[in-house]
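# Inside the fold
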Amino acid sequence: NAGVTQTPKFQVLKTGQSMTLQCAQDMNHEYMSWYRQDPGMGLRLIHYSVGAGITDQGEVPNGYNVSRSTTEDFPLRLLSAAPSQTSVYFCASSYRDRGANEQFFGPGTRLTVL
Amino acid sequence: AQTVTQSQPEMSVQEAETVTLSCTYDTSESDYYLFWYKQPPSRQMILVIRQEAYKQQNATENRFSVNFQKAAKSFSLKISDSQLGDAAMYFCAYRSAAWSGGGADGLTFGKGTHLIIQP
């Protein structure tokens, strides 16, 4: 199993550009989520999904869109990048059962917006 | 909304010694889960240990153990026999056990503690 994969690992954008961060998992997890990590901060939840076709907002959703057309994939879209979106982005997945289920994290994408 | 506070931005310990990392949280819920994650320089988030709030017994995983004080809303991590490979950022995290429906569902993280291991 590859676990949770993210592409790209690094990306530099100019203000106003759009891009999609890819996330895929091969563990048949229902739950997937996106976090951002800024210097001196813990991870903050952007969006999450409890299954194909179902998404919801987290703590910091502004400027980001998501969709979940398959169980495996959960892309994060930046429609018009801003310098405030410079961050490291993590995708995570887990089973949906109520419980202390481990969330498996991808390796992260470091995004710089100039 | 829940909050998680890690009051120690940085801790240093001698190799083979024991160190305790602090975490407090604020919640009005009675059913939840607590986690400690490790983030080495590789950036990968690695689960260290987890605790269910309904369990009174403190969780242990080899050299890692927690001191869970539910009334005090405290969840500290003890690392025994510290090793060079333990050097990393450590994050405390909270997850509600409630079926959130329309509310945000995910982990709430503290800001982290940078653990340095002195050889």
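Preceding this paragraph is the structure being described.
These lines cover the structure that appears in this document, whether it is placed above or below. Values in this document were obtained by computation on a predicted structure and should not be read as measured data. (Residues numbered from 1 in each chain as written. Chains lettered and ligands numbered in written order. Predicted model: local features only at pLDDT ≥ 70, side-chain atom pairs only at ≥ 80, totals over all residues. Heavy atoms only, no water.)

### Re the overall build of chain B
When you go through chain B residue by residue, the secondary structure sums to zero helices and 12 strands. Along chain B, from the amino end to the carboxyl end, the secondary structure elements read β-β-β-β-β-β-β-β-β-β-β-β. Taken over C-alpha atoms, the radius of gyration comes to 14 Å for chain B, in line with the 14 Å a tight globule of 119 residues would show. Each of the three principal axes of chain B carries a C-alpha extent, and together these read 50 × 30 × 20 Å. The buried share of chain B, taken over its 119 residues, is 48%. Restricting the contact set of chain B to residue pairs at least 6 apart, pairs at least 24 apart contribute 57%. Within the structure as shown, chain B displays about 5,800 Å² of accessible surface, and the carbon and sulfur contribution to it stands at 47%. Within chain B, one finds 10 positive and 11 negative side-chain charges whose respective centroids are separated by 4 Å. (Helix = DSSP H or I, 4+ residues; strand = E, 2+ residues; numbered from the N terminus. Rg over C-alpha atoms; globule rule 2.2 N^0.38 Å. Buried < 20%, exposed > 50% of the residue type's maximum accessible area, 1.4 Å probe, protein only. Contact = heavy atoms within 4.5 Å. Areas by Shrake-Rupley, 256 points an atom, 1.4 Å probe, with all protein chains shown as cover. Lys, Arg positive; Asp, Glu negative; His and termini not counted. Charge placed at Lys NZ, Arg CZ, Asp CG, Glu CD.)

### Re the interface of chain B and chain A
Contact with chain B, which involves 26 residues of that partner, is made by 30 residues of chain A. Around 2,300 Å² of area is buried between chain B and chain A when both sides are counted, 48% of it from carbon and sulfur atoms. At the junction of chain B with chain A, the criterion picks out one salt bridge. Between Arg50 of chain B and Glu102 of chain A there is a salt bridge whose closest N-O contact spans 3.9 Å. Our count for the contact surface shared by chain B and chain A stands at six residue pairs in polar contact (both at pLDDT 80 or more). Residue assignment for the side of chain B that touches chain A shows that the elements contributing at least two residues are β5 (32-39), β6 (46-52) and β10 (88-96) of chain B. In terms of residue count, β5 of chain B provides more of the side of chain B that touches chain A than any other element does, four residues in total. Classifying every residue of the side of chain B that touches chain A gives 11 nonpolar, eight polar and seven charged. (Buried area = accessible area lost by both parts, 1.4 Å probe. Salt bridge = Lys/Arg side-chain N within 4 Å of Asp/Glu carboxyl O. Polar contact = N/O pair within 3.5 Å; in protein donor to acceptor, adjacent residues only side chain to side chain. Nonpolar A, V, L, I, M, F, W, Y, C, P; charged D, E, K, R; others polar.)

### Section: the environment of Lys78 of chain B
Residues and elements named next belong to chain B. Here Lys78 is to be found in strand β9 (residues 74-79). Distance from Lys78 to Ser65, taken between C-alpha atoms, is 5.2 Å for residues 13 residues apart in sequence. When residues no more than four places from it in sequence are discounted, the contact partners of Lys78 are Thr18, Val19, Thr20, Arg63, Phe64 and Ser65.

### What about the environment of Ser22 of chain B?
Residues and elements named next belong to chain B. Relative to the helices and strands, Ser22 resides in the loop between β3 (19-21) and β4 (24-26). Sequence spacing of Ser22 and Gly112 is 90 residues, and the spatial spacing of their C-alpha atoms is 9.9 Å. Ignoring any residue separated from it by four or fewer positions in sequence, one finds Ser22 in contact with Thr5, Gln6, Ser7, Gln8, Trp36 and Ser76.

### Points about the layout of surface pockets
By volume, the second largest pocket amounts to about 260 Å³. Residue lining of the second largest pocket: 18 residues in total, with Gln37, Asp38, Pro39, Val88 and Arg110 of chain A positioned closest to the centre. Those elements that provide at least two residues to the lining of the second largest pocket are β9 (87-94) and β11 (109-113) of chain A together with β10 of chain B. For the lining of the second largest pocket, the element with the highest residue contribution is β11 of chain A, accounting for three residues. Across the lining of the second largest pocket, the residue classes break down as eight nonpolar, six polar and four charged. (1 Å grid on protein atoms, 1.4 Å probe; cavity = no way out; pocket = protein on both sides within 12 Å on 5 of 7 lines; lining within 4 Å. Points joined across faces, edges and corners; volume = space filled by probe spheres on them.)

Function cannot be read off these values alone, since they describe shape.
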